[in-house]
Amino acid sequence: MIRVAFQTLRTRWVSFLGTIVALVLGVAQVAAMGVLIMTMLDLPDRPVERFAEAPAVVQASDPEWNPAHHDLGVRSLAAAHGISPELSEKVAATGEIVVDRAFYAQLEGGPADQVGHPWPVARFGGYVLTDGKEPSGAKDVVVASDQARTGDKVTVLTASGVEQYTVSGTVDPVGWEDAVFFSDAEAARLSPRIESLVALGPVADVRAAVGDSAAVLTGQDRHKADASEAQDRETLDNTVTLVPVMAGVAGVTAIFVVASTFAFAVVQRRREVALLRTVGATPKQVRKMVRNEALLVGIVASAVGAVLGLFGAQLLADMLKAMDISPEWFTVAPSLHWTVLAPLAAAFLIGLLVAVGGAATAAHRAGGIHPVEALREASVDDTEVTPGRALLGVVALAGGVGWTAWIAIGSPTSVLSPTVYVISLTVPVLAAAVLAPLVVGPLTKVLMLPFRGASGPTAMLVRESALTSRRRTAATAAPVLLTVGLTFSLLAATDSLGAARDNGFQNQVSSQYALAPDGTPGISPKVIDRVAAIEGVHIAAPILTTVYTKDENRYDADDGLVVDPAALKKAMDLKIIDGSLDDLDDNSTAVADLWHKDVGEKLDVEMADGEHVELRVAATYKALRGEDVAYLTPRFAKSAGYARDGLARRAYITLDSGADHAAVTAQIRKAVAGSGAKFMTRDQLVASESAYARHLTEVRQRSTAVIIMIFCFIAILNTLLMATADRRRDLAVLRLAGATPRQVVRFFLAEALLVSAIGVVLAFVATAVNLGGLWSALLQLFGSTPIVVPYVIVIAVAVVSTLLAVMGTVLPVSAALRARTVQFGSRE
């Protein structure tokens, strides 16, 4: 039968064109994302930057520390301590050393990622003075020539405060950092922690002196000491997080659409299959012919799709770079490397399996028709619900509702994980698509009720056509359902989750005013002290640090916030579960309930500056994952400079009840002027925090929605073209019955609108299930919170989907109407 299948494809290739298009696009989508994911496993080496001229770099590190498992900026305990004075002396004994320090130092009005270094280390990064001289005094700095000129007075923001410096010299700017260079002594004052050492002695002697207490970086490994290493990791982590989610959702959608298209293509040929059975073809021969056709189509379409996917991977990478998710240097080049060939081969096999699988069920059903029943089956669409279809529908209904119920009740925190929740949203939508053939009849009757009294036969014909061809109606409504349902669910879930977080944050902050960074990464403690000195002002400015809690034989890193307990109580409304913030002192801490610690329990803690303490748990509070931190008193402020940059990410300001708000706020604005901090109300702070926190989540989910929409839009047009092109017999009957071309177009147009309406209604039902589960989960996590629906976008997507359905119907009908009426029947 392979020969028969090949001849069928040759003579009826137009009938398979829609199927081929769907499979090519589906395979291309899977291949592109697969290539992108695999390419990230074998990235090219980045050039060494800061230490390109250094023979060896000694850097404090923990060989078991995997930075990919931690947020950007979190250091291992060894890295937080830095290079100890004892180790420096050992390395100095092998030859000359140059001390490197890295700390926050930003020129007023300069980029927020500027960094300070001691001048002696500059030469290893290729810096050469182009004007002036090196910094020798405490108030001298060297900056890039595009920042200032020699002799200029500049304001430099550091964690130690805001100070004036004189530019003693300039260097040419580089593309990999914006640095401000200080004298050795001034750099040591601003940052006691030693970041690394440049060792100029024999490398073998240096390694022997260092032993296992630190890492000795040479060759390409020196890039590990570059700041861009951490920045690249963050962007690549974002890519690694996003692409599998996109691949999962888009891949499932593509597979479902392709499989449905194949099954629909086989159903369309039931007349041809019926005739084969009538002339003696056995069920086995019919099934084998259909499977062979699917195999041939699958081979050709999957091969073309894999090739398109290879080049589409770079387009996807460019899109991710445009959204600031992937680094600028990230590229996908066609090659014969296994990281490219493996995903292409996998996409090809997936396409082949989907093609054969999509045709298998319909082929089995067609092959089981008895010869006596063949012509009856060819003439009338089977509207009976088979036991298999009913069972599949029940399973889909139970799966969609049950999965959503589990998310809502059993695991509400799952909605906070884009990786898990985005994929979960597809379950009810796909379940609705499976259920579609079962509900097309009742839904058609309901939607057509307003047109029962319409004049003319169009409404009646449309209604009966949908009722007698339920499989075709369901198949053509499915792409509309997937497009609107997935887009609606993704965008509404994104907006609702963002609104819930906003409400939670707003309810937690009880202060009237706040300070937020203004073009800087944070607020200096010195600025906080300046504001706190104003009469009538209470300010809570948590400074991010890291606490290392002992777990068996190693220390685990957790976030800590250094803040004054009294100010914290006035500014924040933490939901205390046990204990009291009144008991928080220099020997205790308040931790989140997620830490599973009891009040009074002792914590063995190592601070980032090397101090070892035993802290008592004074209170526990309710928190979500990602917001579970340990609150510490200002005694531990020193450790913040070792663990992070020593800056406050925000500050909460409360005024005394009798204070003159106008006078006090004027003093606050004056105190923070030029300090890199901005004074604002609490609501303004919530809005700015919301925009920042929701950016990455929205990018992830909206980019996934865009890819789904593009694919599904094509699927809508493709499926409607296939369905309408196959209805030449209906066209002939209408024309021979006396219908004018305008009436024929009106009938098919009305039918396309009905199909779209069915798809949209089912999409809304599936989305309602999703949003019902989301509302229940958010209620448990944040309390009462609204469900936000992006009406404009959803309506736009529904309108575009309907227009594409109309185009896919009107275009082939208009083309067919150009033929003579008597030709319609002869072409069937």
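Remember, predicted model here, so these are calculated numbers, not experimental data. (Residues numbered from 1 in each chain as written. Predicted model: local features only at pLDDT ≥ 70, side-chain atom pairs only at ≥ 80, totals over all residues. Heavy atoms only, no water.)

*Asks:* Go over the overall build of the protein, please, and point to the residues and values.
*Replies:* Counting its secondary structure elements, the protein contains 24 helices and 22 strands. Counting over 828 residues, the protein shows a buried share of 51%. Here the contacts in the protein between residues at least 6 apart in sequence split such that 82% fall between residues at least 24 apart. Accessible surface, the protein as shown: approximately 36,200 Å² in total, 59% of it carbon and sulfur. (Helix = DSSP H or I, 4+ residues; strand = E, 2+ residues; numbered from the N terminus. Buried < 20%, exposed > 50% of the residue type's maximum accessible area, 1.4 Å probe, protein only. Contact = heavy atoms within 4.5 Å. Areas by Shrake-Rupley, 256 points an atom, 1.4 Å probe, with all protein chains shown as cover.)

*Asks:* With reference to specific residues and values, describe the environment of Arg-123.
*Replies:* With respect to the helices and strands, the residue Arg-123 is situated in the loop between strand 4 (115-118) and strand 5 (129-132). C-alpha separation for the pair Arg-123 and Arg-50, spaced 73 residues apart in sequence, amounts to 8.8 Å. Every residue in contact with Arg-123, bar those within four places of it in the chain, is listed here: Glu-53, Glu-96, Val-98 and Leu-200.

*Asks:* Mind laying out the nonpolar core, listing which residues take part and the relevant values?
*Replies:* The nonpolar side chains of a soluble globular protein tend to be buried, and buried together. Formed by 73 residues in total, the largest nonpolar core has its most connected members in Val-415 and Val-744. Discounting residues that sit within four places of it in the chain, Val-744 has contacts with Leu-731, Leu-734, Arg-735, Ala-739, Val-813 and Leu-817. In this structure, Leu-515, Ile-534, Val-562 and Tyr-621 belong to the second largest nonpolar core, which totals 62 residues. (Core = buried A, V, L, I, M, F, W, Y, C linked by side-chain atoms within 4.5 Å.)

*Asks:* Which residues make up the pattern of salt bridges, and what are the values?
*Replies:* With the rule as written, the count across this model stands at 14 salt bridges. In this structure, Glu-96 and Arg-123 form a salt bridge, with 3.8 Å as the shortest nitrogen-oxygen distance. Pair noted here: Glu-96 is in the loop between helix 4 (85-92) and strand 2 (97-100) and Arg-123 is in the loop between strand 4 and strand 5, with a separation of 27 residues, a long-range link. On the basis of relative accessible area, Glu-96 is assigned to the partly exposed category, the value being 49%. Between Arg-635 and Glu-611 there is a salt bridge; the shortest N-O distance is 2.5 Å. Residue Arg-635 is located in the loop between strand 20 (630-632) and helix 18 (637-643), and its partner Glu-611 is located in the loop between strand 18 (602-607) and strand 19 (612-621); the two are separated by 24 residues in the primary sequence. Its relative accessible area of 27% is what places Glu-611 among the partly exposed residues. (Salt bridge = Lys/Arg side-chain N within 4 Å of Asp/Glu carboxyl O.)

*Asks:* Please give an account of the environment of Tyr-165 that cites residues and values.
*Replies:* Within the secondary structure layout, Tyr-165 lies in strand 8 (residues 161-171). Put simply, Tyr-165 and Gly-137 are 28 residues apart on the chain and 9.8 Å apart in space, counted from C-alpha to C-alpha. Here Tyr-165 is in contact with Ala-138, Lys-139, Asp-140, Val-141, Asp-152, Lys-153, Val-154, Val-156, Phe-182, Glu-186, Arg-189 and Leu-190, once residues within four sequence places are set aside. One polar contact links Tyr-165 to Glu-186, side chain to side chain, over a distance of 2.6 Å. (Polar contact = N/O pair within 3.5 Å; in protein donor to acceptor, adjacent residues only side chain to side chain.)

*Asks:* So what's going on with the sheet that holds strand 21 (residues 651-655)? Residues and values would help.
*Replies:* In spatial order, the strands read 13-21-12-22; together these 4 strands make up an open sheet with antiparallel pairing. One side of each edge strand has no neighbouring strand; the edge strands of this open sheet are strand 13 (537-540) and strand 22 (677-681). Taking the axes of each pair of neighbouring strands and ignoring which way they run, one obtains an average angle of 25° across the sheet. Relative to strand 21, strand 13 runs antiparallel, the two sharing 4 bridges. Along strand 21, the bridge assignment pairs Val-537 with Leu-655. Against the sheet, helix 16 (residues 525-532) touches strand 12 (513-517), strand 13 and strand 21, its axis set at about 155° to strand 13. (Pairing = 2+ DSSP bridges. Axes fitted to C-alpha atoms, helices over the stretch in contact; angles between N-to-C directions.)

*Asks:* Residue-level account of the confidence of the model for the protein, with values.
*Replies:* With 84% of its residues at a pLDDT of 70 or more, the protein shows a mean pLDDT of 82. Long-range and interchain partners of residues 821-828, a stretch whose pLDDT sits below 50, account for 16 contacts in this model, where long-range means more than four residues apart. (pLDDT = per-residue confidence, 0-100.)

*Asks:* Before we move on, could you go through the pairing of strand 7 (residues 153-158) and cite the residues and values that matter?
*Replies:* The buried count for strand 7 comes to 5 of 6 residues, which makes it a mostly enclosed element. With 3 bridges connecting them, strand 3 (residues 103-107) and strand 7 associate as antiparallel partners. Its bridge partner being in strand 7, Gln-106 is matched across the sheet by Leu-157. Of the strand pairs in this sheet, strand 7 and strand 8 are connected by 6 bridges, and their pairing is antiparallel. In the strand pairing of strand 8, Thr-155 is matched with Gln-164. Here strand 7 hands over to strand 8 after 2 residues, the two strands then running antiparallel side by side.

*Asks:* Report on unusual backbone geometry, specifying residues and quantitative values.
*Replies:* Of note, the phi angle at His-596 is positive, near 55°, even though the residue is not glycine. Following the sequence through the fold, His-596 ends up in the loop between strand 17 (588-592) and strand 18.

*Asks:* Describe the pairing of strand 9 (residues 179-182), naming the residues involved and giving the relevant values.
*Replies:* Here strand 9 shows two buried faces, one formed by Ala-179 and Phe-181 and the other by Val-180 and Phe-182. Bridging between strand 4 and strand 9 involves 4 bridges; their strand directions are parallel. In the strand pairing of strand 9, Pro-118 is matched with Phe-182. Across 2 bridges, strand 6 (residues 140-144) lies against strand 9 in antiparallel orientation.

*Asks:* Mind laying out the side chain of Thr-476, listing which residues take part and the relevant values?
*Replies:* Along the chain, Thr-476 falls in helix 15 (residues 470-508). Classification of Thr-476 as buried rests on a relative accessible area of 4%. Of note is the side chain of Thr-476, whose polar atom sits 3.0 Å from the backbone oxygen of Thr-473.

*Asks:* Provide a residue-level description of a nonpolar patch on the surface, including the pertinent values.
*Replies:* Among the surface-exposed residues, Leu-295, Ile-299, Val-300, Val-304 and Leu-308 lie close enough to one another that they form a single nonpolar patch of about 390 Å² accessible area. For Val-304, the position within the fold is in helix 9 (residues 283-322). For Val-304, a relative accessible area of 40% gives the class partly exposed. (Patch = residues over 30% accessible without salt bridge, like charges linked within 9 Å, V, L, I, M, F, W, Y side chains within 5 Å.)

*Asks:* Break down the packing of aromatic side chains for me, citing the residues and quoting the values.
*Replies:* In total, this model carries 9 aromatic pairs according to the counting rule given. With centroids separated by 5.4 Å and ring planes inclined at 90°, the aromatic side chains of Trp-119 and Phe-181 adopt a geometry described as edge-to-face. Of this pair, Trp-119 sits in the loop between strand 4 and strand 5 while Phe-181 sits in strand 9, placing them 62 residues apart in sequence. In this structure Phe-181 comes out as buried when scored by relative accessible area, which is 1%. For the pair Tyr-165 and Phe-182, a centre-to-centre distance of 5.4 Å together with 80° between the ring planes defines the contact as edge-to-face. Of the two residues, Tyr-165 is situated in strand 8 and Phe-182 in strand 9; the sequence distance between them amounts to 17 residues. According to the relative accessible area criterion, Phe-182 is buried, its value standing at 0%. Put simply, the rings of Trp-119, Tyr-127, Trp-176 and Phe-181 pair up and form one aromatic cluster. Geometry around Tyr-165 places Lys-139 over its ring, the cationic atom sitting 4.9 Å from the centre. (Phe/Tyr/Trp six-rings, centres within 6.5 Å; stacked < 30°, edge-to-face > 60°. Lys NZ or Arg CZ within 6 Å of the ring centre and 35° of its normal.)

*Asks:* How would you explain the packing of helix 4 against helix 6 (residues 203-210) if you had to name every residue and give the values?
*Replies:* At a minimum axis separation of 9 Å, helix 4 and helix 6 run at an interaxial angle of 150°. Taken together, helix 4 and helix 6 sit at an angle that is classed as roughly antiparallel. At the point where helix 4 passes helix 6, the crossing takes the right-handed sense. Of helix 6, the residues touching helix 4 (which contributes Leu-87, Lys-90 and Val-91) are Val-206, Ala-209 and Val-210. Classifying every residue of the contact of helix 4 with helix 6 gives 5 nonpolar, no polar and 1 charged. (Parallel < 35°, antiparallel > 145°, perpendicular 65-115°, else oblique. Left-handed = near helix turned anticlockwise from the far one by under 90°. Nonpolar A, V, L, I, M, F, W, Y, C, P; charged D, E, K, R; others polar.)

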